[in-house]
Amino acid sequence: VQLQASGGGWVQTGGSLRLSCVASGRTLSNYNMGWFRQAPGKEREFVAAISRSAGSTRYADSVKGRFAVSRDVAKNTVWLQMNSLKPEDTAVYYCAGDYGPRSRATDNTYDYDYWGQGTLVTVSS
């Protein structure tokens, strides 16, 4: 599967953005999907994830209550709605797919087999 992330951009503190991750080659219904981010000089970190059935989601503590992950099987797309953005949310955001047998999406980068190219989110203070 190939993943294409988009929707990043520049926004002021408190603003919102909606990231999209579109899959081609295979249906996303077979994948747990995750969002990760990497800020300059920092390691890649988990943001949010959704199970292949969309029955469960999980979030990093830093984004709980502000971000929401969702998916649409028909559109083969996963979204990350980001609200109340803060300067510390500035990073390149990546979507990733886990084709493994896990029933729930994880927060571990090593569980994800496929990665999109990333989209830059910049939040100004």
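For clarity, every value in this text was computed on a predicted model and none was experimentally measured.

> Would you mind showing me how to read the pattern of salt bridges here?
For side chains of opposite charge, pairing can occur when their charged atoms come near one another. Here the structure, examined in full by the defined rule, presents seven salt bridges. For Asp89, the salt bridge goes to Arg66, with nearest N and O atoms at 2.7 Å. Of the two residues, Asp89 sits in the loop between β8 (77–82) and β9 (91–98) while Arg66 sits in the loop between β6 (57–59) and β7 (67–72), which places them 23 residues apart along the sequence. As far as the burial class goes, Asp89 and Arg66 line up, both buried. For Arg102, the salt bridge identified is with Asp111, shortest N-O distance 3.6 Å. Through salt bridges with shared partners, a single ionic network connects Arg37, Glu45, Arg66 and Asp89.

> Would you mind going over the packing of aromatic side chains with me for this structure?
Between two aromatic rings, the relevant description is the distance of the centres plus the angle of the planes. Summed over all chains, the structure comprises six aromatic pairs. Seen from their ring centres, Tyr31 and Tyr114 are 5.8 Å apart, and the 80 degrees between their planes marks the pair as edge-to-face. Of the two residues, Tyr31 sits in the loop between β3 (17–24) and β4 (32–38) while Tyr114 sits in strand β10 (residues 114–115), which places them 83 residues apart along the sequence. Relative accessible area serves as the criterion here: at 0%, Tyr31 is assigned to the buried category. Its relative accessible area of 26% is what places Tyr114 among the partly exposed residues. Centre to centre, the rings of Phe36 and Phe46 are 5.7 Å apart; their planes meet at 70 degrees, and the pair counts as edge-to-face. Separated by 10 residues along the polypeptide, Phe36 in strand β4 and Phe46 in strand β5 (residues 45–50) bring together distant segments of the chain. We classify Phe36 as buried; its relative accessible area is 0%. Residue Phe46 is classed as buried on the basis of its relative accessible area of 13%.

Cut-off values and rules
Residues numbered from 1 in each chain as written. Predicted model: local features only at pLDDT ≥ 70, side-chain atom pairs only at ≥ 80, totals over all residues. Heavy atoms only, no water. Salt bridge = Lys/Arg side-chain N within 4 Å of Asp/Glu carboxyl O. Helix = DSSP H or I, 4+ residues; strand = E, 2+ residues; numbered from the N terminus. Buried < 20%, exposed > 50% of the residue type's maximum accessible area, 1.4 Å probe, protein only. Phe/Tyr/Trp six-rings, centres within 6.5 Å; stacked < 30°, edge-to-face > 60°.

Interpretation in functional terms is not warranted from these geometric data alone.
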